Amino acid sequence: MSPQRDKPWIIRTYGGYGTARQTNELFRKGLADGQTGLSVAFDLPTQTGYDSDAVMAAGEVGKVGVPIAHIEDMRTVFDQIPVAEMNTSMTINATAPWLLALYIAVADEHGADRKALRGTTQNDVLKEYLSRGTFIFPPEPSIRLTADTIEFTGHEVPKWNPVNVCSYHLQEAGADPVLEIAFTLANAVCILDAVKERGMLTPERVGALSFFCNAGIRFVEETCKMRAFTRAWDRITRERYGVEDERLRRFRYGVQVNSLGLTAVQPENNVYRILLEMLGVTLSKDARARAVQLPAWNEALGLPRAWDQQWSRRAQQILAMETDLLEYEDIFKGSEVIEAKTDEIFEAAWAEYEHVLEAGGSVNAIEYMKEKLVAAHAKRVRGIESGDITILGINAEKNTEPSPLVGEGDIHIVKVSSEMQAEQIERLERFRGSRDTAAVTRAIDALKKAASDGTNIMPPSVEAAKAGVTTGEWADALRDVFGTYRAPTGVSAQASAGADGSRLDEARERVKTIASKIGVRRIRILVGKPGLDGHSNAAEQLAVRARDLGMEAVYPGIRLTPAEIAQMAADEDVQLIGLSILSGAHDLIVPEVLEELRSRGVDIDKVPVVVGGTIPDDDARKLTELGVRRVFTPRDYDLTRNLTEVVELLANGNGHS
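What you are looking at is a predicted structure, and each value in this text was computed from that prediction instead of being measured. Sequence positions are assigned chain by chain, starting from 1 and proceeding in written order. The predicted origin of the model limits local features to residues at a pLDDT of at least 70 and limits the giving and counting of side-chain atom pairs to 80 or more, whereas totals for whole chains, interfaces and linings rest on all residues. Note that water and hydrogens are dropped before the side-chain values are worked out from all heavy atoms of the structure.

Just to check I follow, could you spell out the sheet that holds strand S11 (residues 524-528) for this structure?
What links the strands of a sheet is backbone hydrogen bonding, and the strands pair in either a parallel or an antiparallel sense. Should DSSP find at least two bridges between two strands, the strands are regarded as paired. By the criteria applied, helices consist of DSSP H or I runs no shorter than four residues and strands consist of E runs no shorter than two, each listed in order from the N terminus. Ordered in space as S12-S11-S13-S14-S15, the 5 strands form an open sheet in which the pairing is parallel. Looking at which strands have only one partner, the edges of the open sheet turn out to be strand S12 (552-554) and strand S15 (630-632). Averaged over neighbouring strand pairs, the angle between their axes works out to 20° when direction is ignored. The sheet contact formed by strand S13 (residues 576-580) and strand S14 (residues 609-612) spans 4 bridges and is parallel. Considered in S14, the bridge of Ser580 is made with Gly612. Sheet strands in contact with helix H21 (residues 562-572) are S11, S12 and S13, and its direction is about 170° off that of S11. For helices, the fitted line uses only the C-alpha atoms of the stretch in contact; every axis is such a line through C-alpha atoms, and the angle between N-to-C directions lies from 0 to 180 degrees. The criterion used for residue contact is that any of the two residues' heavy atoms lie within 4.5 Å.

Right under this line is the structure:
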């Protein structure tokens, strides 16, 4: 008799871009091709509570996900898709109550029983303050909104996972396994404690909490990390919340394998990386992922095509359907190596977890956690630069044959055109014109009342969705009550010098020499994050390294308008300007920044503007034609060399070669 095969996990690829109609077509193709669940990516305006025609939304509409400005957009995304039969994951946090409300409103239109709806809203806003940056409100009211969704779904949509506590982006922000486990579990405890304060925490609600994790390239370490995660969660649920049922103490998690380690050079190597990372979260049955979604091989270059996503699905399907890897009990049980490494990670993570709790929990420890992540990421960057961490194509085996997978220009990725933003805005304006304005006003008033008096935000949100309230209007109603928030940057107390002292010393001397030649004591660089892109890792590391080279780094954090960046450049009298944009919005945002700088008298010939991000070569050429002096992409991993080059641009622009 052959061993018993596990039921395959949910097979998803993360999708959504351009318009609601394009996303619907993408999902329907995926379902026809063997996908068993949906994982929805939303664009940054949707994630941060702006309508598509808002000033802050410029350049960001449809770039990293689908724009959902109102119920008609949600209807279109799920057109001809049986939502009652789907398991739908939505990567959404600050606006999670609103997107869930829209989904429920559409499900009601489909005639679906709310109690049959299955899926997940990520809804872990705490990690947004630490990594992705799509927060809106301060931490306390944000946790309250999360508790509202837990309470509401428990009664109305019991099969829905209202929170997916997320370690994925913590690893992307620099967390090693110890910090990833500790901070994620501290965030989970913060959420459950908020539910407990309402008197509605039951063992079943504890057991319903799910997680979304990351799997990096260090196979043994990642396998042991997940086993340590499982052990730590079992202890927390048993000791802190008194859960006796072993099934309700199970660490339930889905996983997206690591995107941080994907390379733009020799991108075909990413296929092997993705496969190994998938194995790290599937081979250990006692700590196996329930759902797996894989990035595409070319995501370091831009948005993947349907074929690229299909290739990722095939890897999951081959493992689940062709191999025998799911047919046995835990194949690592009894391994001395695995057990020793698991113990090591568990003990260090538990100590860090307790430190956060002793500091008052995640809400009070946000600044501490952010600084730890920035420092850990700086350590990783140093390791790559020094060669202590090997990445093929980056700092080893750089010689390569031309890849037949990457054609000339940008034909190997999907590009979202600016015309799509115009189309989305036109649809939004048309939708606004078709609404019952009195019903919209009543719905917004009800939202504000619920936010003010502490009643659950979900029922009035569902009614607002049906009344035609837009994403921006929902968020603005809550902004009026809760206010907004700027998270700590984490760079104030950190330094990254150390791994290659001789190179740093040489670079410092050159920076000091050029500063003297242009007549300033210290070169001042403005590190700007325009638009809604909250992935601040690169900007933080740039600011830290600039300071280590003897510069004064002005880094105000994320989410600034082009006008604000230009005004800051003029007010601070900076000598260099570095813009970091990872969302693909560079084609619209950078030209606007340049225009705003010129209008304020900033001479970009003498004050070089450089740009970094996931920027296709064709776009890079266009930006340099507009006046950008240098474009840095993921290929340019050496921060010391990059900054030295930027300082040389400053010298040349001011007549000092």
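Just to check I follow, could you spell out unusual backbone geometry for this structure?
Peptide bonds are trans in most cases, and residues, glycine excluded, mostly fall at negative phi. Unusually for a residue other than glycine, Gln80 sits at a positive phi of about 60°. In this fold, Gln80 is placed in the loop between helix H3 (71-77) and strand S4 (87-91). Type-normalised accessible area, obtained with a 1.4 Å probe on protein chains alone, sets the label of each residue: buried when under 20%, exposed when over 50%, and partly exposed for intermediate values. Of the residues examined, Gln80 reaches a relative accessible area of 59% and is grouped as exposed. Notably, Arg559 is not glycine yet its phi reads approximately 65°, a positive angle. Within the secondary structure, Arg559 sits in the loop between S12 and H21.

I would appreciate a short explanation of the pairing of S11 in the present structure.
Along a regular strand, successive side chains alternate from one face of the sheet to the other. Judged by how many residues are buried, S11 sits mostly within the fold: 5 of 5 residues are covered. Residues Arg524, Leu526 and Gly528 point to one face of S11 and Ile525 and Val527 to the other, with burial holding for every one of them. Place the viewer so that the strands point away; then a crossover is right-handed whenever the path from the first strand over the helix to the second strand goes clockwise. Considered for its hand, the β-α-β crossover made up of S11, helix H20 (residues 537-548) and S12 is right-handed. Note: S11 against S13, 4 bridges, orientation parallel. Looking at the pairing, Leu526 lines up with Ile577 of S13.

Looking at this structure, I do not really get the packing of aromatic side chains. What am I missing?
Note on aromatic pairs: each is described by the distance of the centres and the angle between the planes. By convention, a stacked pair of Phe, Tyr or Trp rings (six-membered ring in the case of Trp) has centres within 6.5 Å and planes under 30 degrees apart, an edge-to-face pair has planes over 60 apart, and any other such pair is tilted. Overall, the coordinates contain 17 aromatic pairs when judged by the stated rule. With 5.6 Å between their ring centres and 75° between their planes, Phe137 and Phe482 make a pair best called edge-to-face. Taken together, the residues Phe137 in the loop between helix H5 (126-132) and helix H6 (139-156) and Phe482 in helix H18 (residues 471-482) connect sequence positions 345 residues apart. Exposure remark for Phe137: the relative accessible area of 1% places this residue in the buried category. Of the residues examined, Phe482 reaches a relative accessible area of 16% and is grouped as buried. Geometrically, a charge over a ring is one whose NZ (Lys) or CZ (Arg) sits within 6 Å of the ring centre while staying within 35 degrees of the ring normal. Arg630 extends its terminal NZ or CZ atom over the ring of Phe632, reaching a point 4.3 Å from the ring centre. Residue placement shows Arg641 over the ring face of Tyr637; its charged tip is 5.9 Å from the ring centre.

I'm lost on the nonpolar core in this one. Help?
For soluble globular proteins, nonpolar side chains are generally found buried alongside one another. Take the buried residues of types Ala, Val, Leu, Ile, Met, Phe, Trp, Tyr and Cys, join any two whose side-chain atoms come within 4.5 Å, and each joined set is a nonpolar core. Leu185, Phe211, Trp233, Phe251, Tyr253, Ile523 and Met551 are the most contacted members of the largest nonpolar core, which has 104 residues in total. The element contributing the most residues to this core is helix H8 (residues 177-197), with 13 residues. Leu99, Tyr103, Ala450 and Val462 belong to the second largest nonpolar core, which has 54 residues in total.

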